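Chain and residue survey
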Amino acid sequence: MMDQHKRERRRALGAVIGCSAAIFWPGALTFGFPGVMAPAWREMFQVGSGATGAALFFMLAAVGINMFLVGRWQERYGIRRMIFLGILLTACGCILAAYAESIFMVYAWSFLNGTASCFVYIPALTLVQHWYPHRKGLVSGTVSMVFGLAAAIMSPVFGMMLQSLGYRSLGLLLAALTLASGFMGAYLAREPDYTAGWQWGKGAGTGSEKRNRSLTVKETLHTRSFWFLWMTWTLAGAAGISMTVLSTGYGLSLGLPLESSVLILTAFNLTNGTGRLASGYLSDQWGRARIMSLAFLAAALAYFLFPLADDLPSSAILAAVVGFAFGTLFSVSAPLVADCFGLDHFGAIFGLTFAAYGFIAGPLGPALAGHLLDLNGGDFVPVFLYLGAFSLLAALSIRQVVPPQDY
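**Some remarks on the overall build of the chain**
Helix and strand counts for the chain stand at 14 helices and zero strands. When the elements of the chain are put in sequence order from the N terminus, they spell out α-α-α-α-α-α-α-α-α-α-α-α-α-α. A globule of 407 residues ought to have a C-alpha radius of gyration of about 22 Å, and the chain, at 20 Å, matches this closely. Considered along the principal axes of its C-alpha atoms, the chain spans approximately 65 × 45 × 35 Å.

See the structure below:
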């Protein structure tokens, strides 16, 4: 029994490490690549900020379409198969981006990359919460941290690689790196032996854990909490994802060189990543909705102060606050969904909340921000004000998401 317990302990840790390794490159490409490449795309294809901002719309649309489907498919085909497929699609997307000859091929890459991220992110979150049901916030925060932190690490590296290797060689190298680390991670991402009654955490292996009934997707759609969570993803998602395309451009508008402007994006991605672990852990202790509401209030204040930021340090600090709130949305929403609706259909239900992020946050966030910049001659003030209002409304909305006492 002790040997089996040790083996399961190692498999649990291996699953967290494997999921983190698999999600690294999808995270770097989602949150870092568009922001760094946007100036290059504008120059390569002779387009404006609205056109490059629309690239994230296609990425988010793919997320909205595929998150729910992947949640359903993982119940049928298994988590590891989904992750393997996601890694393969991510690498194919890198190759497509490398050979892009128009902004429309960039849109195709965005859609494919968003689809690929679904095949890794949802299964990874599901798996680690099954291994650690009493530490859902901590382990989902760990995976989410890697997803966001990858871009903070790689954004400045992307810039240097672009200058030293060239655009096409950069894309091909990213495809090879994605396959190498992603397949290794997928191999480690093994599911618990449910037939043996394994439950990690308090009462691990004893079968003594009291488990509430999981709601079906249909039952979930009839709850008030689901729709307020859906609204939160719309508002906070739009406010957060917009910073990935606004940050570098705002630095350039201040007269900063590209190398310095990218540091604003790096600050955003740094807290977007590291903050996920902190907010996930804190949500286990102090409550999911409370932590999310405080984070969104801080983001609203940061956006309202952004028009006053006229140098690199202040801009980076405010971007970091927005990044923390955005990371909190990802890391704490996952265990909140599990708390409210159970784990049996977690993938499908969490995928439905992502539909708000995918279909609505994109047009309301990066796409609208880009067009407003074009219409107002590059004036960021109206953009920052409306994104701050979105964050404030999200802070109010999430307070209405309350896990049922018994279901």
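Having seen it, we continue.
**Observations regarding the pattern of salt bridges**
One pass over the structure, following the stated rule, counts four salt bridges. Note that arginine 11 is salt-bridged to glutamate 8, the shortest N-O span being 3.3 Å. Separated by three residues within a single helix, arginine 11 and glutamate 8 lie in helix H1 (residues 2-31), roughly one turn from each other. Notably, a salt bridge pairs lysine 136 with aspartate 339, separated by 3.3 Å at the nearest N-O pair. Taken as a pair, lysine 136 in helix H6 (residues 136-165) and aspartate 339 in helix H12 (residues 312-341) lie far apart in primary sequence, 203 residues in all. Accessibility expressed as a relative area gives 12% for lysine 136, which makes it buried. Overall, the relative accessible area of 23% leaves aspartate 339 in the partly exposed class. Where salt bridges share partners, they join Lys136, Asp284, Arg288 and Asp339 into one cluster.

**Description of a nonpolar patch on the surface**
Together, Leu294, Leu297, Phe304, Val381, Leu385 and Leu392 make up an exposed nonpolar region whose accessible area comes to about 480 Å². Mapped by element, the contributors of at least two residues to the nonpolar patch are helix H11 (288-305) and helix H14 (381-398). Mapping leucine 294 onto the fold places it in helix H11. When its relative accessible area of 52% is taken as the criterion, leucine 294 is described as exposed.

**A short note on unusual backbone geometry**
The backbone of glutamine 46 shows a phi angle near 55°, a positive value even though the residue is not glycine. Assignment of secondary structure puts glutamine 46 in the loop between helix H2 (33-45) and helix H3 (49-77).

**Examining the nonpolar core**
With 127 residues, the main nonpolar core has Phe158, Phe350 and Tyr357 as its most contacted residues. Here the element with the most residues in this core is helix H5 (residues 103-131); it accounts for 15 residues. In this structure, tyrosine 357 is in contact with Phe31, Leu60, Val63, Trp233, Gly237, Ile241, Phe326, Phe330 and Gly362, ignoring residues within four places of it in sequence.

**Here's the deal with the packing of aromatic side chains**
Counted according to the given criterion, the structure contains 27 aromatic pairs. With a centroid separation of 5.6 Å and an interplanar angle of 90°, the aromatic rings of phenylalanine 33 and phenylalanine 158 are classed as edge-to-face. With phenylalanine 33 in helix H2 and phenylalanine 158 in helix H6, this residue pair connects regions lying 125 residues apart in the sequence. This pair shows no difference in class: phenylalanine 33 is buried, exactly as phenylalanine 158 is. Seen from their ring centres, tyrosine 121 and phenylalanine 147 are 4.8 Å apart, and the 35° between their planes marks the pair as tilted. Taken together, the residues span a long stretch of sequence, with tyrosine 121 in helix H5 and phenylalanine 147 in helix H6 at a distance of 26 residues.

**Re the packing of helix H9 (residues 224-253) against H12**
A pair of packed helices can be characterised by two numbers: the angle between their axes and the separation between those axes. For the pair H9 and H12, interaxial distance at closest approach is 10 Å and the crossing angle is 155°. Considering the angle they form, H9 stands roughly antiparallel to H12. Taken as a pair, H9 and H12 cross one another with a handedness that is left-handed. Residue-level inspection shows Ser225, Phe226, Leu229, Thr232, Trp233, Ala236, Gly237, Ala239, Gly240, Ile241, Met243 and Tyr250 of H9 in contact with H12, the latter providing Ser315, Ala319, Val322, Phe326, Leu329, Phe330, Ser333, Leu336, Val337 and Phe341. Considered class by class, the residues forming the contact of H9 with H12 number 16 nonpolar, six polar and no charged.

**A few points about the side chain of arginine 276**
By secondary structure assignment, the location of arginine 276 is in helix H10 (residues 258-286). Here arginine 276 is buried and forms no salt bridge, its nearest opposite-charge partner aspartate 284 lying at an N-O distance of 15 Å. Beyond its immediate stretch of four places on either side in the chain, arginine 276 contacts Phe31, Tyr121, Gly141, Ser144, Met145, Phe147, Gly148, Thr271, Gly327, Phe330 and Ser331.

**Re the packing of H9 against helix H13 (residues 346-375)**
Running from N to C, H9 and H13 point in directions that differ by 40°, and their axes come no closer than 7 Å. Judged by the inter-axis angle, H9 sits oblique to H13. Note that H9 runs across H13; the crossing there is right-handed. Here the contact of H9 with H13 is built from residues that sort into 21 nonpolar, five polar and no charged.

**Topic: the confidence of the model for the chain**
For the chain, per-residue confidence averages 85 on the pLDDT scale, and residues scoring 70 or more make up 93% of the total. Of the regions scoring below 50 in pLDDT, residues 197-211 engages in 25 contacts with residues more than four places distant in sequence or in other chains.

**Things to note about H14**
Helical geometry: 3.6 residues make up each α-helical turn, so side chains three or four residues apart lie on a common side. Along its 18 residues, H14 runs 26 Å from first to last C-alpha, staying within 8% of the 26 Å computed at 1.5 Å per residue. When H14 is considered as a whole, its buried residues turn out to be Val383, Phe384, Tyr386, Leu387, Gly388, Phe390, Ser391, Ala394, Ala395, Ser397 and Ile398. Tucked into the core, H14 has its buried residues touching H9, H11, H12 and H13.

Each value, and the rule that gives it
- Residues numbered from 1 in each chain as written.
- Predicted model: local features only at pLDDT ≥ 70, side-chain atom pairs only at ≥ 80, totals over all residues.
- Heavy atoms only, no water.
- Helix = DSSP H or I, 4+ residues; strand = E, 2+ residues; numbered from the N terminus.
- Rg over C-alpha atoms; globule rule 2.2 N^0.38 Å.
- Salt bridge = Lys/Arg side-chain N within 4 Å of Asp/Glu carboxyl O.
- Buried < 20%, exposed > 50% of the residue type's maximum accessible area, 1.4 Å probe, protein only.
- Patch = residues over 30% accessible without salt bridge, like charges linked within 9 Å, V, L, I, M, F, W, Y side chains within 5 Å.
- Areas by Shrake-Rupley, 256 points an atom, 1.4 Å probe, with all protein chains shown as cover.
- Core = buried A, V, L, I, M, F, W, Y, C linked by side-chain atoms within 4.5 Å.
- Contact = heavy atoms within 4.5 Å.
- Phe/Tyr/Trp six-rings, centres within 6.5 Å; stacked < 30°, edge-to-face > 60°.
- Axes fitted to C-alpha atoms, helices over the stretch in contact; angles between N-to-C directions.
- Parallel < 35°, antiparallel > 145°, perpendicular 65-115°, else oblique.
- Left-handed = near helix turned anticlockwise from the far one by under 90°.
- Nonpolar A, V, L, I, M, F, W, Y, C, P; charged D, E, K, R; others polar.
- Lys, Arg positive; Asp, Glu negative; His and termini not counted.
- pLDDT = per-residue confidence, 0-100.
- Expected span 1.5 Å × (residues − 1).

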